[in-house]
Amino acid sequence: MKVLFAGTPAVAVPSLRRLVEDGYDVVAVLTREDAPLGRKRVLTPSPVAAAAAELGLATIKANRITHEAKEAIAAAGADVAAIVAYGGIIPADALAIPEHGWINLHFSLLPAWRGAAPVQHAVIAGDDVTGAATFQLEEGLDTGPVLGQLTQGIDPATTSGELLEELSVSGAVLLSQTLAGVDDGRIVPVPQSGPATHAPKLSLKDGRVDWAQPALAIRRRINGVTPEPGAWTTLDGARFKIGPLRRDVWNDTPTREATRALAAEHPELAALAPGAVFVAPGKRPRPFVGTGSHPIELETVQPAGKKMMPATDWARGGAAREANFA
């Protein structure tokens, strides 16, 4: 089976490698054009382009499916196109080029979380289960019939980046199996059913923490926007970044009783206003922040102009003891 593979970010690389390992004839790779990265804005190939070069595969680089891109896709002679996070719209006339159309690997259980950031929105929403689905690409946004799917539980301590990395590996297997089923005619497309939710691309403002929200919602948002666009608040007018929260020390054992004993010793901890910081004293100072419910304990932070650090290191400074996030 001749396959055109379309993808751009690192999350798509496991699928490309899996198809090659499983013996598919990947006749070409469609990816976005080289982009300027870093402080020096050096033009850099996409992760998929770099993997394609390593594998010795022909590459079509296009940010939009222009007439020239369509000609290159048609010239590749693929029986099917497999697409994973390409980052561009495939127009109707391009969808019709391969005999078996375009098969999309999407990291949600469709119709849940249609859009560019399904894993991030699932973590922010506090979903217990997510997964991946392969579906026939059509003109609507992730609306095509489902060809296969897998499910995976969401650990409350995981970040969207970690979950997406896991799904990129298991999803690669699903994509390979789906192509095999399409090739031998075993797979019957199933129309999507049930309520649809949408997962638009996250912007920097989506990473801002609203301390008036309950602690659980804040924890989910911080983990959901990690690593991109990243969680942040402001301190003295400057952006202050916040790393993932692995524990809810207020409610989860084994730290719950110790934390509540600490609050009994320091009543101001339990009475923290949203955004107010309290540093519990000791050899290992513990910084807590007030929320709309109970305080949370910071684990890693990045003050303006500095690198990410353990929150206990930041808490040793005098500024932390007078901090108030906005």
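Quick note: structure is the one above.
Let us look at the structure shown here. In this text, all values refer to a predicted model and were calculated from it rather than measured experimentally. (Residues numbered from 1 in each chain as written. Predicted model: local features only at pLDDT ≥ 70, side-chain atom pairs only at ≥ 80, totals over all residues. Heavy atoms only, no water.)

## Looking at the overall build of the protein chain
Put simply, the rule reads: Labels follow the DSSP assignment, with helices taken as runs of H or I lasting at least four residues and strands as runs of E lasting at least two, numbered in each case from the N terminus. Accessibility here uses a 1.4 Å probe with only protein chains present; expressed as a share of the type maximum, an area under 20% marks a residue as buried, one over 50% as exposed, and anything in between as partly exposed. Here, residues are in contact when the closest pair of their heavy atoms is within 4.5 Å. When charges are counted, Lys and Arg contribute as positive and Asp and Glu as negative, whereas His and the chain ends are disregarded. Charged groups are reduced to one reference atom each: NZ for lysine, CZ for arginine, CG for aspartic acid, CD for glutamic acid.
Helix and strand counts for the protein chain stand at eleven helices and 16 strands. Each of the 326 residues in the protein chain was classed as buried or not, and the buried ones make up 48%. Look at the contacts in the protein chain between residues 6 or more apart in sequence, and 62% of them connect residues 24 or more apart. For the protein chain, the distance from the average site of its 31 positive side-chain charges to the average site of its 35 negative ones is 9 Å.

## Comments concerning the sheet that holds strand 12 (residues 277-280)
To keep it simple, the criterion reads: Strand pairing is defined by DSSP finding a minimum of two bridges between the two strands.
Read from one edge of the open sheet, three strands run 12-13-14, paired in antiparallel fashion. With partners counted over all chains shown, the strands left at the sheet margins are strand 12 and strand 14 (296-297), one partner each. Relative to strand 14, strand 13 (residues 286-289) runs antiparallel, the two being bridged by two bridges. Residue pairing for strand 14: F288 is matched across the bridge by E297.

## Examining the side chain of T178
Stated precisely, the cut-off is as follows: Polar contact is the term for a pair of N or O atoms within 3.5 Å; when the atoms are in protein, one must be able to donate a hydrogen and the other to accept it, and sequence-neighboring residues count only if both atoms are side-chain atoms.
Assignment of secondary structure puts T178 in helix 6 (residues 160-183). The class of T178 is buried, set by a relative accessible area of 2%. Among the polar contacts made by the side chain of T178, one reaches the main-chain carbonyl oxygen of L174 at a distance of 2.8 Å. For T178, the residues in contact, after removing those within four places along its chain, are I103, T134, L147 and I187.

## Describing helix 1 (residues 13-21)
Basically, it comes down to this: The directions from the helix axis to the C-beta atoms are what the arc is built from.
Buried within helix 1 we find V13, S15, L16 and L19. Across the axial projection of helix 1, the buried residues extend over an arc of 165 degrees, all falling on one side. On its buried face, helix 1 is in contact with strand 1 (2-7), strand 2 (25-31), helix 2 (47-55), strand 6 (80-84), strand 7 (102-106) and helix 6. Once helix 1 finishes, G23 follows within two positions and takes phi at roughly 90 degrees, a positive value.

## Re the sheet that holds strand 5 (residues 59-61)
Selection criterion: The axes used here are C-alpha line fits, helices contributing only the stretch in contact, and every angle between their N-to-C directions lies in the interval 0 to 180 degrees.
With respect to topology, seven strands assemble into an open sheet ordered 5-2-1-6-7-8-9, the strand pairing being mixed. If you trace the sheet from one side to the other, it starts and ends with strand 5 and strand 9 (146-153), each paired once. If you compare each strand with its neighbour and ignore which way they point, the axes differ by 15 degrees on average. In terms of strand pairing, strand 2 meets strand 5 through three bridges, oriented parallel. Bridging across to strand 5, V29 finds its partner in T59.

## Points about empty space enclosed by the protein
For the record, the criterion: Only protein atoms enter the 1 Å grid used here, on which a cavity is any set of points holding a 1.4 Å probe that cannot leave and a pocket is any open set flanked by protein within 12 Å on both sides along at least five of seven lines; residues with an atom within 4 Å of a point are listed as lining. Grid points are joined across faces, edges and corners, and a volume is the space filled by probe spheres set on the points. Following the grouping adopted for this structure description, the nonpolar residues are Ala, Val, Leu, Ile, Met, Phe, Trp, Tyr, Cys and Pro, the charged ones are Asp, Glu, Lys and Arg, and the polar ones are all others, Gly among them.
Evaluated as defined, the whole model comprises one cavity of 30 Å³ or more. When its volume is computed, the largest cavity comes out at roughly 50 Å³. Every residue along the wall of the largest cavity is listed here: A215, L216, R219, L245, R247, D248, H294, I296 and E297. For the lining of the largest cavity, the elements supplying multiple residues, two or more each, are helix 7 (215-224) and strand 14. The element best represented in the lining of the largest cavity is helix 7, accounting for three residues. Each residue belonging to the lining of the largest cavity can be placed in one class, and the counts come to four nonpolar, one polar and four charged.

None of this, on its own, says anything about what the molecule does.
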